[in-house]
Amino acid sequence: MNLMDKINKMTESEFMSVFGNVFEKTIWIAKKTYTLIPFKNYDELSSKILEIYENSTKEKHLEIFNSHPDLAVEKVLTKDSRKEQNSAELYQCSKEQLEEFKKLNIEYKKKFLFPFIIAVKGKNKDEILNNFRQRITNNINSEFIETKNQVKKIASFRLNEII
């Protein structure tokens, strides 16, 4: 049985356990995607799950944003977030870097009312800090769009890891 046959025959519970955290702690997107089974191929499944996200309301996007952890300082993480942050060595920050992450996380949340989100895969902590310093100067509209794109990148990376 090929991958798509297995996915198309999954129970809702099985589907949720595989795709439920593609968007951080946002199982409703996976539930909505499940209702669209069967999929012809993995590209179709990926495009549908990303389309559901894209077509969500601003309020839903804000809920998704706020389900993401603060970078480098959050203690309770999903398995996916832990893996992603570890790959960027965010738990090996110097004392100065950690203090800057804490300060930027607070300032960013105060300004935008959601946490700073970046697809950390392939980036190191210096690149992430530089991006953080730059993006905190954005206006709310451009940062909302950038954050929405970053969440989509994270979801795409997670979808690609499933196959």
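Residues numbered from 1 in each chain as written. Predicted model: local features only at pLDDT ≥ 70, side-chain atom pairs only at ≥ 80, totals over all residues. Heavy atoms only, no water.

A. Representation of the nonpolar core. Counting 40 residues, the largest nonpolar core has Ile-7, Phe-15, Phe-19, Phe-23, Leu-45 and Leu-159 as the members making the most contacts within it. Of all the secondary-structure elements, those providing two or more residues to this core are helix 1 (3-8), helix 2 (12-19), helix 3 (27-34), helix 4 (42-54), helix 5 (58-66), helix 7 (95-112), helix 8 (125-135) and helix 9 (140-162). The greatest single-element share of this core, amounting to 6 residues, is contributed by helix 4. If near-sequence neighbours (up to four positions away) are discounted, Phe-15 is found in contact with Ile-7, Met-10, Gly-20, Ala-30, Thr-33, Tyr-34, Ile-37, Phe-39 and Leu-45. (Core = buried A, V, L, I, M, F, W, Y, C linked by side-chain atoms within 4.5 Å. Buried < 20%, exposed > 50% of the residue type's maximum accessible area, 1.4 Å probe, protein only. Helix = DSSP H or I, 4+ residues; strand = E, 2+ residues; numbered from the N terminus. Contact = heavy atoms within 4.5 Å.)

B. Focus on helix 9. Along its 23 residues, helix 9 runs 33 Å from first to last C-alpha, staying within 8% of the 33 Å computed at 1.5 Å per residue. Every buried residue of helix 9 is accounted for by Glu-143, Phe-144, Thr-147, Lys-148, Gln-150, Val-151, Ile-154, Ala-155, Arg-158 and Leu-159. At the N-terminal end of helix 9, a side-chain oxygen is found 3.0 Å from the backbone nitrogen of Asn-141, two or three residues along, and the residue is Asn-139. (Expected span 1.5 Å × (residues − 1). Polar contact = N/O pair within 3.5 Å; in protein donor to acceptor, adjacent residues only side chain to side chain.)

C. Expanded view of the packing of aromatic side chains. Evaluation of the coordinates by the stated rule reveals 13 aromatic pairs. Ring centres 5.4 Å apart and planes at 85° place the aromatic pair Tyr-108 and Phe-116 in the edge-to-face group. Residue classification places Phe-116 among the buried residues on the basis of a relative accessible area of 1%. Aromatic ring contacts, followed pair by pair, group Phe-65, Phe-101, Tyr-108, Phe-112, Phe-114, Phe-116, Phe-132 and Phe-144 into a single cluster. Seen from the ring of Phe-144, Lys-58 lies directly overhead, with NZ or CZ sitting 5.3 Å from the centre. (Phe/Tyr/Trp six-rings, centres within 6.5 Å; stacked < 30°, edge-to-face > 60°. Lys NZ or Arg CZ within 6 Å of the ring centre and 35° of its normal.)

D. Structural detail: helix 5. Residues His-61, Ile-64 and Phe-65 constitute the buried set of helix 5. Taken end-on, helix 5 shows its buried residues confined to a sector of 100°, consistent with a single buried face. Of the surrounding secondary structure, the elements contacted by the buried residues of helix 5 are helix 3, helix 4 and helix 9. (Arc of directions from axis to C-beta.)

E. Up close: the packing of helix 2 against helix 3. At a closest axis distance of 9 Å, the pairing of helix 2 and helix 3 adopts a crossing angle of 135°. One finds that helix 2 runs oblique with respect to helix 3. Crossing hand, helix 2 versus helix 3: right-handed. Residue-level contacts link Glu-12, Phe-15, Met-16 and Phe-19 of helix 2 to Ile-27, Ala-30, Lys-31, Thr-33 and Tyr-34 of helix 3. Of the residues that constitute the contact of helix 2 with helix 3, the class distribution is 6 nonpolar, 1 polar and 2 charged. (Axes fitted to C-alpha atoms, helices over the stretch in contact; angles between N-to-C directions. Parallel < 35°, antiparallel > 145°, perpendicular 65-115°, else oblique. Left-handed = near helix turned anticlockwise from the far one by under 90°. Nonpolar A, V, L, I, M, F, W, Y, C, P; charged D, E, K, R; others polar.)

What is shown is where atoms sit, not what they do.
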